[in-house]
Amino acid sequence: QVQLVESGGGLVRPGGSLRLSCVASRPTLSRISMGWFRQTPGKDREFLGAVGAITYVVDSVKGRFTIDRDNATNTMYLQMNNLQPQDTGIYYCAAGVRYNKKWSGDYWGRGTQVTVSS
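Within each chain, residue numbers correspond to sequence positions counted from 1 in written order. Residues qualify for local features only when their pLDDT is at least 70, as the model is predicted, and side-chain atom pairs are given and counted only at 80 or more; totals for whole chains, interfaces and linings, by contrast, use all residues. Excluding hydrogens and water, the side-chain values take into account all heavy atoms of the structure.

Peer 1: Would you take a moment to explain the state of the cysteines for this structure?
Peer 2: Here, the word disulfide means a covalent bond between the sulfur atoms of two cysteines. Only a pair of cysteine sulfur atoms within 2.5 Å qualifies as a disulfide here. According to the stated counting rule, one finds one disulfide in the structure shown. Each disulfide pairs two cysteine sulfurs, and for Cys 22 the partner residue is Cys 93, the sulfurs being separated by 2.0 Å. Between Cys 22 and Cys 93 the sulfur-sulfur dihedral comes to about 55 degrees; the bridge is accordingly right-handed. With Cys 22 in strand β3 (residues 18–24) and Cys 93 in strand β9 (residues 89–95), the pair connects residues that are 71 residues apart, well separated along the chain. Like Cys 22, the residue Cys 93 is buried in the burial classification. Working definition: helices are DSSP H or I runs of at least four residues, strands are E runs of at least two. Numbering for both runs from the N terminus. Throughout, exposure labels follow a simple rule: accessible area from a 1.4 Å probe, protein chains only, divided by the maximum for the residue type, with under 20% read as buried, over 50% as exposed, and the rest as partly exposed.

Set out below in structure tokens:
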């Protein structure tokens, strides 16, 4: 069992940046894939990217969002730049991320709210 806790969300103006963190309860980053998802109003949960054997970010946010990790602290990060109102939503981290017809994970955090508004 892995507990995941996200933090770093908040209110930011368009064009601003946020850095989300996801702390795992035990060393996982070096063993299984972890990733970020988001739930935006009116849309299905969206996969953003993952870190594991490789680091991958989906095309829709590539160039604005980056994922990195710190194995020493069991922490994964999502750096988000040039945020726009359509990025508003709840951001979740997941462990045991894989693709089987769609992206999913075995363990989930509770999410952190990101609101982009002027």
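Peer 1: Hey, could you run me through the pattern of salt bridges in this one?
Peer 2: A side chain of one charge can pair with a side chain of the opposite charge when the charged atoms of the two come close. Between Lys or Arg on one side and Asp or Glu on the other, a salt bridge is scored when a side-chain nitrogen of the former is within 4 Å of a carboxyl oxygen of the latter. Applying the stated criterion across every chain, the model contains six salt bridges. The partner of Asp 59 in a salt bridge is Lys 62, and the shortest N-O contact between them spans 3.2 Å. A residue is classified by how much of its surface remains accessible, and Asp 59, at 62% relative accessible area, is exposed. Counted as one network, the salt bridges with shared partners bring together Arg 38, Glu 46, Arg 64 and Asp 87.

Peer 1: Looking at this structure, how should I read the side chain of Arg 64?
Peer 2: Relative to the helices and strands, Arg 64 resides in the loop between β6 (55–57) and β7 (65–70). A residue is classified by how much of its surface remains accessible, and Arg 64, at 19% relative accessible area, is buried. Here Asn 82 takes part through its backbone oxygen, which lies 3.0 Å from a polar atom of the side chain of Arg 64. Contacts are residue-level and defined by heavy atoms, with any inter-residue pair within 4.5 Å sufficient. Ignoring anything within four residues of it in the chain, the contact list for Arg 64 reads Gln 79, Met 80, Asn 81, Asn 82, Leu 83, Gln 84 and Asp 87. Two N or O atoms form a polar contact when they lie within 3.5 Å of each other; inside protein one atom must be a possible hydrogen donor and the other a possible acceptor, and for residues adjacent in sequence the pair counts only when both atoms belong to side chains.

Taken by themselves, the reported measurements are silent on function.
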